[in-house]
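# Coordinate analysis (summary)
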Amino acid sequence: MSEPEQPSRKPEKIRLADHRTALMKVERRLLLRSSLSLGALSLLAGCDLQDNDKVDRVLWAMSRWNDRVQAVLFRASKLAPTYAASQITDPFPFNAFYDEFNAPDIDGADWRLEVAGLVRDKQPWTLARLRSLPQADQITRHICIEGWSAIGQWSGVPLKTFLQAIGADTSAKYVGFKCADRYYSSLDMPSALHPQTILALDFRKQPLPTSFGFPLKVRVPTKLGFKNPKHVVALYVSNDNPGGYWEDQGYNWFSGI
Amino acid sequence: MPNSAVLHPLAVRIAHWLNAFAIVCMLMSGWAIYNASPIFGFRFPVWATLGGWLGGAIAWHFAAMWLLMANGLFYLLYGVLSGHFRRHFLPLHVRDVLLDAVQALRLRLPHQAGSYNAVQKFLYCGVIALGVLVVLSGLSLWKPVQLEFLSNLFGGFDFARKVHFAAMAGIATFVVVHLLLVALVPKTLLPMITGLGRKSKSVT
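Definitions and cut-offs
Note that residues are indexed from 1 along each chain, following the sequence as it is written. Just so you know, chain letters begin at A and ligand numbers begin at 1, following the order they were written in. Selection of residues for local features in this predicted model requires a pLDDT of at least 70, selection of side-chain atom pairs for listing and counting requires 80 or more, and totals for whole chains, interfaces and linings are taken over all residues. Here an angle of 0 to 180 degrees is reported between the N-to-C directions of two axes, which are lines fitted to C-alpha atoms, with helices fitted over the stretch in contact. For the purposes of this entry, the term helix denotes a DSSP run of H or I that reaches at least four residues, the term strand denotes a run of E that reaches at least two, and both are numbered from the N terminus. Small angles under 35 degrees read as roughly parallel and large ones over 145 as roughly antiparallel, with 65 to 115 read as roughly perpendicular and the rest as oblique. Each residue is represented by a C-beta atom placed from its backbone, and any two residues with such atoms within 7 Å are regarded as in contact. Gly falls in the polar group here, along with every residue not listed as nonpolar (Ala, Val, Leu, Ile, Met, Phe, Trp, Tyr, Cys, Pro) or charged (Asp, Glu, Lys, Arg). Along the chain, pLDDT gives the predictor's confidence residue by residue, from 0 to 100. Each nonpolar core reported here comprises buried Ala, Val, Leu, Ile, Met, Phe, Trp, Tyr and Cys residues connected via C-beta atoms within 7 Å. Any residue surrounded by 20 or more other C-beta atoms within 10 Å of its C-beta is treated as buried, while 12 or fewer makes it exposed and the intermediate range makes it partly exposed; C-beta atoms here are placed from the backbone. Note that domain bounds follow an automatic or database assignment of domains. Each crossing gets its handedness from the near helix: less than a right angle anticlockwise from the far helix is left-handed, clockwise is right-handed. DSSP bridges decide pairing: two strands pair if at least two such bridges lie between them. To estimate how far a helix should reach, multiply one less than its number of residues by 1.5 Å.

## Some words on the packing of helix α4 (residues 94–105) of chain B against helix α5 (residues 118–142) of chain B
Residues and elements named next belong to chain B. With their axes 7 Å apart at the nearest point, α4 and α5 run at an angle of 110 degrees to one another. As the angle between them shows, α4 and α5 are arranged roughly perpendicular. Along its contact with α4, which presents D96, V97, D100, A101 and A104, the element α5 presents A118, V119 and F122. Considered class by class, the residues forming the contact of α4 with α5 number six nonpolar, no polar and two charged.

Next comes the structure, spelled out in structure tokens:
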């Protein structure tokens, strides 16, 4: 069925010549528009958080906004899924900002964990003393920011237990970590106090191998892999965000999962 | 202009162009993230990626996702509440889609400004569904612990990456077809900017 139409007079013939200028204008406008948007995109493609231009500042601001949203989404009682021993990824992948043979060789007997910042007891910790604290075990999924994931087993001292042992001010905002390989990272206090956040000493029930962070790695199954620093030599509690090796280059700081 | 009418309401035009920008950002930054650890045997060419390095790509992805989600929600709410979806996308019958698809493949399906044929209805509904899928699977990858139920719904973290990829591939295919059709029928472009166009006389 056709819709009722006005009885039509014969329509005027449309002659191209009458409309050429208008058409050219439209064409020019469209060309301008598309070249503008292409140009804009190629400009944007250079924005990578490394130079402090306007777009980069917007991206950094959005990343800080994402920190806040993720802090709200984080639930202290929500546990990361755990797995059976048969599901452990074997071999477990090595990952760092350097090749595996460059992983620092640390003598466990000489190693100490320095403690600083808003804590009552700043005495350094030996491995033996850390092992005398209550230990926890977990088989959880390590998720890398690159997209791959692997299931591993870590055991060690719950960070909450350790923070209590050193009389840390748990109302402070951050816990920072420094590593023997120049790496550093930090956690928000709620994530630090999460029951599955541990100062891991063992991988698969054996002392951590060099490539997995001997003698101490922070295991946080509620964070992306790069928030799990290895070869930790110092821990400090602070109200100033300590940042991190990757975080300061542009990885999102909170990076909760 | 005789027969001139608003083909695309302002809300739809704004949502369309914001979405176009967000989708381009999400696709290009997503390809850069994929390249960091490919799940299939290929990488996307670097010139097609956004962000320069993984940190930059992720910053883009997690910034543009807010635009994509907010604009998508606005569009869905508008579409449902204003009756836009009901008027333009419904009714949708499999038989009509198949019939029109055959016509389209023979290049015998005329374009009618102001009303959608069954293939168009199917494609627009399909890409909206893919949009929902890509956002939900993306959220499950972003928060596999806090949104564990969502992660489980998509078969766990590793499988959710494939779901996210498949939804992306569907949307990218839609974009290619969509742009090809605009190139074939260029008069459809201006109404998406100005809103105005001539409604085709309906065919008996």
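## Notes on the interface of chain A and chain B
Taken together, the contacts link 33 residues of chain A with 26 residues of chain B. Per-element tally for the side of chain A that touches chain B: the top contributor is helix α2 (residues 54–73) of chain A, with five residues.

## Regarding the confidence of the model for chain B
For chain B, the average pLDDT comes to 89, and 96% of its residues sit at 70 or higher. Here strand β1 (residues 4–6) of chain B stands out as the least confident element of chain B, with mean pLDDT 78; helix α6 (residues 148–153) of chain B is the most confident, with 97.

## Re the nonpolar core
Ranked by size, the top nonpolar core spans 35 residues in total, and within it W60 and A64 of chain B carry the most contacts. When contributions to this core are tallied by element, the ones reaching two or more residues are α1 (10–36), α2 (54–81) and α7 (157–184) of chain B. Looking at which domains feed residues into this core, each of domain 1 (7–82) and domain 2 (91–186) of chain B gives three or more. If you look at the next biggest cluster of nonpolar residues, it comprises 31 residues, including F162, A200, F203 and F214 of chain A.

## Quick look at the packing of α2 of chain A against α2 of chain B
Running from amino to carboxyl end, α2 of chain A crosses α2 of chain B at an angle of 70 degrees, the nearest separation of the two axes being 9 Å. Relative to α2 of chain B, the element α2 of chain A lies roughly perpendicular. The crossing of α2 of chain A and α2 of chain B is left-handed. Contact residues: L59, M62, S63 and N66 of chain A in α2 of chain A; A59, W60, F62 and A63 of chain B in α2 of chain B. Residues of the contact of α2 of chain A with α2 of chain B, tallied by class, amount to six nonpolar, two polar and no charged.

## Quick look at the sheet that holds strand β1 (residues 114–117) of chain A
Residues and elements named next belong to chain A. Spatially, four strands are ordered β1-β9-β4-β5 in an open sheet, and the strand pairing comes out mixed. Among the strands making up the open sheet, the edge pair consists of β1 and β5 (184–188). Taken over all neighbouring pairs, the strand axes of this sheet differ in orientation by 20 degrees on average, direction set aside. Across five bridges, strand β4 (residues 174–179) lies against β5 in antiparallel orientation. Across the sheet, residue G176 finds its bridge partner in β5, namely S186.

## Here we look at the domain arrangement of chain B
Residues and elements named next belong to chain B. Segmenting chain B into domains produces domain 1 (7–82) and domain 2 (91–186). Placing the centre of domain 1 and that of domain 2 at their C-alpha centroids yields a distance of 14 Å. For the side of domain 1 that touches domain 2, the secondary structure elements donating two or more residues are α1 and α2. Within the side of domain 1 that touches domain 2, the residues separate by chemical class into six nonpolar, two polar and no charged.

## A look at the environment of F159 of chain B
All names here are of chain B. Position of F159 relative to the elements: it lies in helix α7. Given 15 C-beta atoms within 10 Å, F159 falls into the partly exposed group. Taking the C-alpha atoms as reference points, F159 and S137, separated by 22 residues in sequence, lie 9.7 Å from one another.

## Section: the pairing of β4 of chain A
The side chains of a regular strand alternate, residue by residue, between the two faces of the sheet. Residues and elements named next belong to chain A. Counting buried positions along β4 gives five out of six residues, so the element sits mostly inside the fold. Hairpin connection between β4 and β5: a loop of four residues separates the two successive antiparallel strands, and R182 in this loop has a positive phi of roughly 75 degrees. In the sheet, β4 pairs with strand β9 (residues 232–238) via six bridges, with the strands oriented antiparallel. Within the sheet, the bridge partner assigned to Y174 lies in β9 and is S238.

## Topic: α7 of chain B
Between its terminal C-alpha atoms α7 of chain B stretches 41 Å, which fits the 40 Å expected from 28 residues at 1.5 Å a residue. When we look at burial in α7 of chain B, the residues that qualify are F157, A160, R161, H164, A167 and M168 of chain B. Elements in contact with the buried residues of α7 of chain B: β2 (136–143) and β3 (149–158) of chain A together with α1, α5 and α6 of chain B.

## Structural notes on unusual backbone geometry
Most peptide bonds take the trans configuration, and most residues that are not glycine carry a negative phi. All names here are of chain A. Residue P91 is reached from D90 by a cis peptide bond, and omega for that bond is 0 degrees. Within the secondary structure layout, P91 lies in the loop between α2 and β1. Unlike most non-glycine residues, R182 shows phi in positive territory, near 75 degrees. Relative to the helices and strands, R182 resides in the loop between β4 and β5. Since 11 C-beta atoms lie within 10 Å of it, R182 is described here as exposed. With phi around 40 degrees, S255 is a residue other than glycine that occupies positive phi space. If you trace the backbone, S255 turns up in the segment after β9.

## Here's the deal with the environment of G117 of chain A
Residues and elements named next belong to chain A. In this structure, G117 sits in strand β1. A count of 20 C-beta atoms within 10 Å places G117 in the buried class. On a C-alpha basis, the gap between G117 and V237 in space is 4.8 Å, while along the polypeptide they are 120 residues apart. If sequence neighbours within four positions are ignored, G117 has contacts with Y236, V237 and S238.

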